[in-house]
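Summary of the model geometry
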Amino acid sequence: MAQTAVLTKEKKQKVSLLQILYKHGTLLAILAVITYFSIMIEQFFTYENFSDILRSISIVTLVAIGITFSLIVDGFDLSVGSTVSLSTIASAAALVLYRQEILVTLLVPILLGIVIGLLNSLLIVKLKLPDLLATLAMMYIINGIQLTYTKGFSIYNDMPLPEGGIAPGKFIPSFLFIGQGEWLGIPFSVLLMLFLVFVSHLFLTYTKPGRLFYMTGENREAARLSGIPVNRYRTYAYVISGLFAAIAGIVLASRIGTGQVSAGAPLLMDGVAAAFIGVSVFGIGKPNVIGTLFGSILIGVLLNGLTMMNVPYYAQDIIKGGILIGALALSHIQKK
Amino acid sequence: MNELQMFNICKSFDEVTVLNGVNFHVKQGEVHALLGMNGAGKSTLMKILAGDFPPDDGTIMIDGKQCTFSSPLDAKKAGIGLVAQEVDTALFPALSVCENIIANEIVETKTSPFLSWNKQKQRAKELLRQVGLKIDVNKLVHECSLHEKQLILLAKVLSSSAKYIILDEPTAPLSTAETKTLFQIIQQLKAKGVSFIYISHKLGEIKEICDRVTILRDGKVVHNSPISDITIDEMIEHMLGRTYQSAKKEKRTLNETIAFEVKNLLIPKTKTTVNLQIRKGEIVGIAGLVGAGKTELAHSLFGLEKTSGQWWINGKKYTISSPIEAIEAGISYIPEERRKQGLFMNESVQKNLTVRLLSSLTNFQWIYSQKEEKMALSLIQTLKIRPSLPKITVKHLSGGNQQKVVIGKWLNTNSEVFIFDEPTKGIDVNAKTEIFSIIQSLAKQGKAILYLTNEFQELLDIADTIHVMVDGELVKTFSAEEATHEKLVYYSSGGETLWHKLPS
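As named in an unreviewed UniProt entry, chain B is Autoinducer 2 import ATP-binding protein LsrA, taken from [Anoxybacillus] calidus. In UniProt, chain B has this text filed under Sequence similarities (unreviewed entry): "Belongs to the ABC transporter superfamily. AI-2 autoinducer porter (TC 3.A.1.2.8) family."

Under an unreviewed UniProt entry, chain A has the name Simple sugar transport system permease protein and belongs to [Anoxybacillus] calidus. The record in UniProt for chain A states the following under Subcellular location (unreviewed entry): "Cell membrane".

Laid out in structure tokens, this is it:
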């Protein structure tokens, strides 16, 4: 009997150590990665570099917040990367090809994002297609649309037009400010990201609709029987996902100052990884926006450090995939 | 010596001791009842026996040989068979009856990778004959009824020549007739030397079918004897550790006002219509066997089925085609499958309790967390939910307390009508009493209560009026004074229909 007691005690201690690791593994990983790069790379631990990292994170985080919303209602949105691309092209086209001012330039991609979200929810909520496959198809369709529209060419200032002459408009300063400007020494895109993270967090944690998003994802049947309009909330989630992807596309266009085709494609994987890392942060076990922010910080730091260590971009995909698997495994263990 | 013996079995999870030196013996050709309240350790003991996890301490001997099971496969090879309560988890719904039955053999056969379907079908038919089931072996399992699935599972267990078969609440989903058939099959197999470990909450059945009984309480064996040496009251006493008092029904004079009425409600599955009236503060019971259409009736009332009819609540007319409309009209539904349909298992008790109340706890959609916690705490106290912690995750609660959470969700809402669908399914006697007193206090507040169940005794304990339901129709109505268990059984098993067929 006494032996069993000792045994249980030992076991308990072991378990609690492991639990700490599970709970804070993601944070420890971020710290470890930063420490490692700081030691290995001279220019890593500098203000310029960190502001650079944050700038690049800001776009991924916006995409990842959208994905987080779709995950919360127990859905999935693979089309966000293509939506970013389309939004980038749309804002560039509005500026360069149609000489529009800031308002239209922002409205067009945002409306496109919302329409894509509505289309996704039409397929998933109304027609009841599997979310992964429906958004996979949408991903290809949207990508195809932006490629067809541009015939595969990027949109840039003073670009020659196929019918002769050069493009009438250009990237205006007020638009470029979104991705390149600074406010109190902090990049505007970073401020925008932090603001949206903060607002989304408050919304999801402290408001009634936020709560109902989570309830819908946790048990759709019970939610329906509790009188929650589950289909409406699922629709909202996909629309929000499309909206955030559109905003990310605007920031991206502004950041690089051209409308690059398929620029958003790599963001899908980064965003998905960030959102799932977010599930494992703090051991919450549920998709959450603060966690998502930490997830994209981890990915941003890693990509930045690896680039500085001259790891080629194509090899970085291997590491991104590895991180996603790690985060999935961690959140799976936490659930047990 | 042909006997299954478990000696001094101990098992703890984290700090909680679930089994503390349990000795359990089952002789060959014996039906052995294993009794205990929820949390007494029955399931843990059976999971150890089925090889789900090893005990911390103790030995298992089968027919005189010591066994250690490191996987369910080991246990199966040693002759342990399990017919789980949730039969669907153990079958392949998209495969045929034949394929399900011989699945074990396919897995275990190492001689040839080729199957002779003729032989397999012969084998499956032979096994089905043993369990007394006449069914086409090519039928897909998801097309079978629950009762058929259970017997298919039993046939599957027999295919691996199991000598000790665990039946976990086998009659819970069965009608009286089906239960009878099952008992005949058990008797036949028993005569062939198969032993059964019989877990059930239905003590009358245990008296009928079992030879010996072992009763667990708090992880210890508190009683072991031949079944003839113990009465049902004594069983309950051993399980509870004290005498059980069945819910005393108070004499009540009912208000004559009709609170809830539904006219010509269509039950889509059986294409029948139902008319129903509930007075203010009345508890109306619907007695019906499994498959009588009770859940379909509840679903139709709550707007979950495409249906037609007229709803009248406190004199106002409604048409209801979705749960949202039903709730707005003032109907609450406590569903049969509480984990699947009633609860957010990974959320806290508080969030589960306040899901319908958020509007009153918010200002411009912002939730006041202190107000919310206060509301949750008061509900927890009213319902005696234990532990009384608003932040604990619902999945850590016992079945009875989970059920209280499901009910609690509706308590402070504007509900006038409460539909309870099998609210005591799988919960222990204590929790049942508490659920009853919650229902009675709702009735005292003047709510209209509809209580659907196949546990007729519960209706005799609690209902003011009892309707008997057969195949989607209300065939007979009793007042509380008229109703007896025998009458309910008679009419619900189609007695009345038989009567009509007799020449007058």
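Next comes the rest of the write-up.
**Thoughts on the overall build of chain B**
The helix and strand tally for chain B stands at 20 helices and 22 strands. At 25 Å, chain B has a C-alpha radius of gyration in line with the 23 Å of a compact globule built from 504 residues. Along the first, second and third principal axes, the C-alpha atoms of chain B reach 70 × 65 × 50 Å. Here chain B holds 504 residues, and the buried ones make up 45% of them. Taking the contacts inside chain B whose residues are at least 6 apart along the sequence as the reference set, 68% of them involve residues at least 24 apart.

**A closer look at helix α3 (residues 80–97) of chain A**
Since the α-helix packs 3.6 residues into each turn, any two residues three or four apart lie on the same face. Relative to the 26 Å expected for 18 residues at 1.5 Å per residue, α3(A) spans 24 Å between its end C-alpha atoms, a close match to the ideal helical length. Extensive coverage of α3(A) is indicated by the burial of 17 of its 18 residues.

**Re the packing of helix α2 (residues 47–72) of chain A against helix α11 (residues 265–280) of chain A**
All names here are of chain A. Packing of α2 against α11 brings their axes to within 8 Å, and their N-to-C directions diverge by 60°. The angle between α2 and α11 places the two elements in the oblique class. The element α2 and its partner α11 pack so that their crossing is right-handed. Within the contact between the two elements, α2 uses Ile59, Val60, Thr61, Val63, Ala64, Ile67, Thr68 and Leu71 and α11 uses Leu267, Asp270, Gly271, Val272, Ala274, Ala275 and Gly278. In terms of residue class, the contact of α2 with α11 is built from 10 nonpolar, four polar and one charged.

**With respect to helix α17 (residues 429–444) of chain B**
All names here are of chain B. Helix length check: α17 (16 residues) gives 23 Å between terminal C-alpha atoms against 22 Å at 1.5 Å per residue, within 8%. Taken together, the buried positions of α17 are occupied by Ala431, Lys432, Ile435, Phe436, Ile438, Ile439, Leu442 and Ala443. Considered in projection along α17, the buried side chains sweep an arc of 160° and stay on one side of the axis. Away from the buried face of α17 by more than 90 degrees, exposed residues Ser441 and Lys444 are located. Tucked inside the fold, the buried residues of α17 contact β13 (283–287), α15 (369–383), α16 (399–411), β19 (417–421), β20 (448–453) and α18 (456–462). The positive-phi residue at the C-terminal boundary of α17 is Gly446, with phi of around 95°.

**Looking at the domain arrangement of chain B**
Annotation of chain B at the domain level lists domain 1 (3–240), domain 2 (247–330 + 414–504) and domain 3 (340–413). The gap between the C-alpha centroids of domain 1 of chain B and domain 3 of chain B is 37 Å.

**Things to note about the environment of B:Ala463**
All names here are of chain B. Structurally, Ala463 is set in the loop between α18 and β21 (465–470). C-alpha of Ala463 to C-alpha of Ala480: the two residues are 17 residues apart in sequence and 6.5 Å apart in space. In this structure, Ala463 is in contact with Ile283, Val284, Gly285, Tyr451 and Ala480, ignoring residues within four places of it in sequence.

**Here's the deal with the interface of chain B and chain A**
The partner chain A presents 18 residues to the 28 residues of chain B that form the contact. Those elements that provide at least two residues to the side of chain B that touches chain A are β1 (3–13), α11 (323–329), α12 (338–342) and β18 (366–367) of chain B. Classifying every residue of the side of chain B that touches chain A by side-chain character gives 13 nonpolar, six polar and nine charged.

**Thoughts on the pairing of strand β11 (residues 258–267) of chain B**
Residue and element names in this part refer to chain B. Judged from the seven bridges that link them, β11 and strand β12 (residues 272–279) form a sheet pairing that is antiparallel. Among the inter-strand pairings, Glu261 is bridged to a residue of β12, identified as Gln277. If you look at the hairpin formed by β11 and β12, you'll find four residues sitting between the two strands, and Lys271 has a positive phi there, around 55°. Both β11 and strand β14 (residues 310–313) contribute to a ladder of four bridges, which runs antiparallel. Each bridged residue has a counterpart across the sheet, and for Val262 the counterpart in β14 is Trp311.

**A word on the environment of A:Ile228**
Residue and element names in this part refer to chain A. Looking at the secondary structure, you find Ile228 in the loop between α9 (220–225) and α10 (230–256). A tally of 23 C-beta atoms within 10 Å means that Ile228 is categorised as buried. Separated by 19 residues in sequence, Ile228 and Pro209 place their C-alpha atoms 10.0 Å apart. Beyond its immediate sequence surroundings of up to four residues, Ile228 is in contact with Leu212, Met215, Thr216, Ala223 and Tyr233.

**Let's talk about the sheet that holds β12(B)**
Residue and element names in this part refer to chain B. With antiparallel pairing, the four strands of this open sheet are ordered in space as β12-β11-β14-β15. Here the strands that pair on one side only, and so sit at the sheet edges, are β12 and β15 (316–318). Recorded for the sheet is a direction-independent mean angle of 15° between the axes of neighbouring strands.

**Brief notes about the packing of α11(A) against helix α12 (residues 289–308) of chain A**
Residue and element names in this part refer to chain A. α12 packs onto α11 with a crossing angle of 125° between their chain directions and a minimal axis gap of 7 Å. In terms of their interaxial angle, α11 and α12 are classed as oblique. Crossing hand, α11 versus α12: right-handed. In contact with Asp270, Ala273, Ala274, Ala275, Ile277, Gly278 and Val279 of α11, α12 contributes Gly291, Thr292, Phe294, Gly295, Ser296, Leu298 and Ile299. Of the residues in the contact of α11 with α12, the class split is eight nonpolar, five polar and one charged.

**With respect to the pairing of β13(B)**
Residue and element names in this part refer to chain B. Within β13, five of the five residues are buried, leaving the element largely enclosed by the surrounding structure. Two strands pair when backbone bridges link them, and β13 and β20 are joined in this way by five bridges, in the parallel orientation. Paired with Gly285 across the two strands is Tyr451, which belongs to β20. Bridge count for β13 against β21 is four bridges, and the pairing is parallel. When the bridges of β21 are listed, Ile286 appears paired with His467.

**A word on unusual backbone geometry**
Residue and element names in this part refer to chain B. For the bond running from Arg386 to Pro387, omega is -5°, close enough to zero to count as cis. Take Pro387: it is sitting in the loop between α15 and α16. Positive phi values are uncommon outside glycine, yet Glu169 reaches one of about 45°. Secondary-structure assignment places Glu169 in the loop between β7 (164–168) and α7 (176–191). The residue Lys271 is not glycine, and still its phi comes out positive at about 55°. Position of Lys271 relative to the elements: it lies in the loop between β11 and β12. Owing to 8 C-beta atoms within 10 Å, Lys271 belongs among the exposed residues under this scheme.

Each value, and the rule that gives it
- Residues numbered from 1 in each chain as written.
- Chains lettered and ligands numbered in written order.
- Predicted model: local features only at pLDDT ≥ 70, side-chain atom pairs only at ≥ 80, totals over all residues.
- UniProt positions renumbered as here; feature names shortened; annotations may be inferred.
- Helix = DSSP H or I, 4+ residues; strand = E, 2+ residues; numbered from the N terminus.
- Rg over C-alpha atoms; globule rule 2.2 N^0.38 Å.
- Buried ≥ 20, exposed ≤ 12 C-beta atoms within 10 Å, placed from the backbone.
- Contact = placed C-beta atoms within 7 Å.
- Expected span 1.5 Å × (residues − 1).
- Axes fitted to C-alpha atoms, helices over the stretch in contact; angles between N-to-C directions.
- Parallel < 35°, antiparallel > 145°, perpendicular 65-115°, else oblique.
- Left-handed = near helix turned anticlockwise from the far one by under 90°.
- Nonpolar A, V, L, I, M, F, W, Y, C, P; charged D, E, K, R; others polar.
- Arc of directions from axis to C-beta.
- Domains from an automatic or database assignment.
- Pairing = 2+ DSSP bridges.

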